[in-house]
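Understanding the architecture of this molecule
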Amino acid sequence: MDKIIIEGGKPLKGKVRISGSKNAALPLMVSSLLVDGESVFSNVPKLHDIESIKRLLSDLGARIETTGDHVRIHAGGLCNHEAPYDIVRKMRASILVLGPLIARLKKARVSLPGGCAIGARPINLHLDALSRLGVDIKLEHGYVQASVEHLKGSDIFFDIATVTGTENIMMAAALADGVTTLHNAAQEPEVVALAEALNMMGAKVQGAGTPTITITGTSELRPVSISIIPDRIETGTFMIAAALTRGDITLVDCEPSHLEVVIDKLRHTGARVELEEKCIRVSGPNTPLSVDVKTLPYPGFPTDLQAQFMVLMSVADGVSIISETIFENRFIHVSELKRMGADITISGNTATVRGVSKLSAAPVMATDLRASACLVLAGLVGEGTTVVNRVYHLDRGYESIEKKFSALGANITRIKG
Ligand code: EPU
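Residues numbered from 1 in each chain as written. Predicted model: local features only at pLDDT ≥ 70, side-chain atom pairs only at ≥ 80, totals over all residues. Heavy atoms only, no water.

Lining the immediate environment of the ligand, one finds 21 residues, of which L125, T162, T164, D304 and I326 sit closest. For the ligand, an oxygen atom lies 3.0 Å from a polar atom in the side chain of K22. The backbone of V163 places a nitrogen or oxygen atom 2.8 Å from an oxygen atom of the ligand. Out of a free accessible area of 840 Å², the ligand has 88% covered by protein chains. Of all elements in the fold, only α1 (22-31), α5 (124-132), α6 (163-174) and α12 (369-381) reach the threshold of two or more residues within the shell around the ligand. Looking at the shell around the ligand, you find at least three residues from each of domain 1 (3-18 + 230-415) and domain 2 (22-227). (Near = heavy atom within 4 Å. Polar contact = N/O pair within 3.5 Å; in protein donor to acceptor, adjacent residues only side chain to side chain. Areas by Shrake-Rupley, 256 points an atom, 1.4 Å probe, with all protein chains shown as cover. Helix = DSSP H or I, 4+ residues; strand = E, 2+ residues; numbered from the N terminus. Domains from an automatic or database assignment.)

This is the structure:
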């Protein structure tokens, strides 16, 4: 297994290009299943999760061709309706094929994802919403067995604003009879990107980016050519790295409007944040000030940046209260940060972070993607040599992270294992 070795203490300086968004690319690539023709996606990041979804789509009968950051998907030959356990257990986002398979083939057999490192993460809301569209759902042998004669538009009220749940139902409803209205829909930029793609395909989706989305079904969709939006979580991770290392980083090809709350929080820590179109420059304060953070659905502070922000608060002046309201087990990085000298106590879904003057390097390991990114950030300021194990988590969602940090002046290398 690969490891990342970091010699901490270097301020990061220079320019970094932000890659396409993992969580936008996954549903967009899956949406190609709705079309009998070839869709083309550009600015697709090179990530393990992207390889996993390509494998799944190809197992389902799609033809896939990758050239650089372009991925062509031809789903004319869609024939298989099963997403097997082996793929779904590796990547929960595989559940996104459920809606399109039902819409195109009228049946689907998709493995239940089960829990994961950050929480139980049920899919009950996806399933309830599909039954509202007329889908017959059975759970058998660890699989969702779904079938339908005609998808029928309906009014759906989500108890919780679910991102992939909203996306799944938008895709199914695009080929349903009549109008579907999603209430308490997720408002994330990735949902908006999917709505735009579906509209380019000929669907009628209105209201994406607000809590109420209306989808007027149509009988056929056409292929699209579309560029993936920048990754706001990668953007936030590099912004935090700049503030953390007292650096000065210019992030290009990003979307500042997707990170308003993060920009606001960073400014409150004393970091300087300058915005231009598609570009953000962040320079760090000498000592960051503590600020409180509560994760919330978009436009609130993203849970996917909570761990990284906690590193910054670990070396801030004062006490920060960090509340995690999206996932019930998303503090797994805390014990590793404590091994590096951070002063953090957890009570329920709240972490109290008392800033210390420095972190000290240690061998560390995490069991999820964002927690691993947080440990890399900790290594960038830790005194000494930090070894981050289980790098495959990072490779799921950060494109060439060590190369990007190295180009900014970090002393970071990957050891192939
Ligand atoms: N939930 C339910 N039932 C459901 C669906 C969700 O109870 O049927 C709960 C979840 O357990 C959670 C909350 O609702 O407590 C919100 O979960 P959501 O469904 O929005 O999460 P998701 O769609 O599974 C996406 C991202 C995650 C990101 C979350 C929250 C993708 C592929 N994944 O997950 O990204 O953390 O939204 O913003 O878009 C990551 O990239 O590292 C990652 C975990």
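So that's the structure; there's more coming.
A word on the packing of α5 against α6. Contact pair α5 / α6: the axes reach a minimum separation of 9 Å and the direction vectors enclose 25 degrees. Our classification of the angle between α5 and α6 gives roughly parallel. Where α5 crosses over α6, the two elements pack in a sense that is right-handed. Contact with α5, carried on its side by H126, A129 and L130, involves T164, G165, N168, I169 and A172 of α6 and no other residues of that element. In terms of residue class, the contact of α5 with α6 is built from four nonpolar, four polar and no charged. (Axes fitted to C-alpha atoms, helices over the stretch in contact; angles between N-to-C directions. Parallel < 35°, antiparallel > 145°, perpendicular 65-115°, else oblique. Left-handed = near helix turned anticlockwise from the far one by under 90°. Contact = heavy atoms within 4.5 Å. Nonpolar A, V, L, I, M, F, W, Y, C, P; charged D, E, K, R; others polar.)

What follows is about the side chain of K404. Relative to the helices and strands, K404 resides in helix α14 (residues 401-407). Residue K404 is classed as buried on the basis of its relative accessible area, which comes to 13%. Ignoring anything within four residues of it in the chain, the contact list for K404 reads V16, R17, I18, S19, E234, F238 and E399. (Buried < 20%, exposed > 50% of the residue type's maximum accessible area, 1.4 Å probe, protein only.)

The next subject is unusual backbone geometry. Note that the residue after Y298, namely P299, is joined by a cis bond; omega there is 15 degrees. For R246, which is not glycine, the phi torsion reads 55 degrees and is therefore positive. Note that R246 resides in the loop between α8 (232-244) and β15 (248-252).

Let's shift gears to the pattern of salt bridges. If you walk through the whole model with that rule in mind, you get 21 salt bridges. Here D49 ties to R396 by a salt bridge, and the two come within 2.8 Å at their closest N and O atoms. A residue pair is termed long-range when its members are at least 10 positions apart, and D49 in helix α2 (residues 48-59) and R396 in helix α13 (residues 392-397) qualify at 347 residues. The exposure class of D49 is buried, given its relative accessible area of 2%. With relative accessibility at 24%, the residue R396 sits in the partly exposed group. (Salt bridge = Lys/Arg side-chain N within 4 Å of Asp/Glu carboxyl O.)

Time to look at the packing of aromatic side chains. Applying the stated criterion across every chain yields a total of two aromatic pairs. Note on F238 and F405: the rings are 4.6 Å apart at their centroids and 35 degrees apart in plane angle, and the pair reads as tilted. Placement of F238 in helix α8 and of F405 in helix α14 is noted, with a sequence separation of 167 residues between them. The burial state of F238 is the same as that of F405; both residues are buried. Residues F301 and F309 carry aromatic rings whose centres are separated by 5.4 Å and whose planes lie at 70 degrees to one another, so their mutual orientation is edge-to-face. Each of the two residues, F301 as well as F309, counts as buried. The aromatic ring of Y143 is capped on one face by R109, whose charged end is 3.9 Å from the ring centroid. (Phe/Tyr/Trp six-rings, centres within 6.5 Å; stacked < 30°, edge-to-face > 60°. Lys NZ or Arg CZ within 6 Å of the ring centre and 35° of its normal.)

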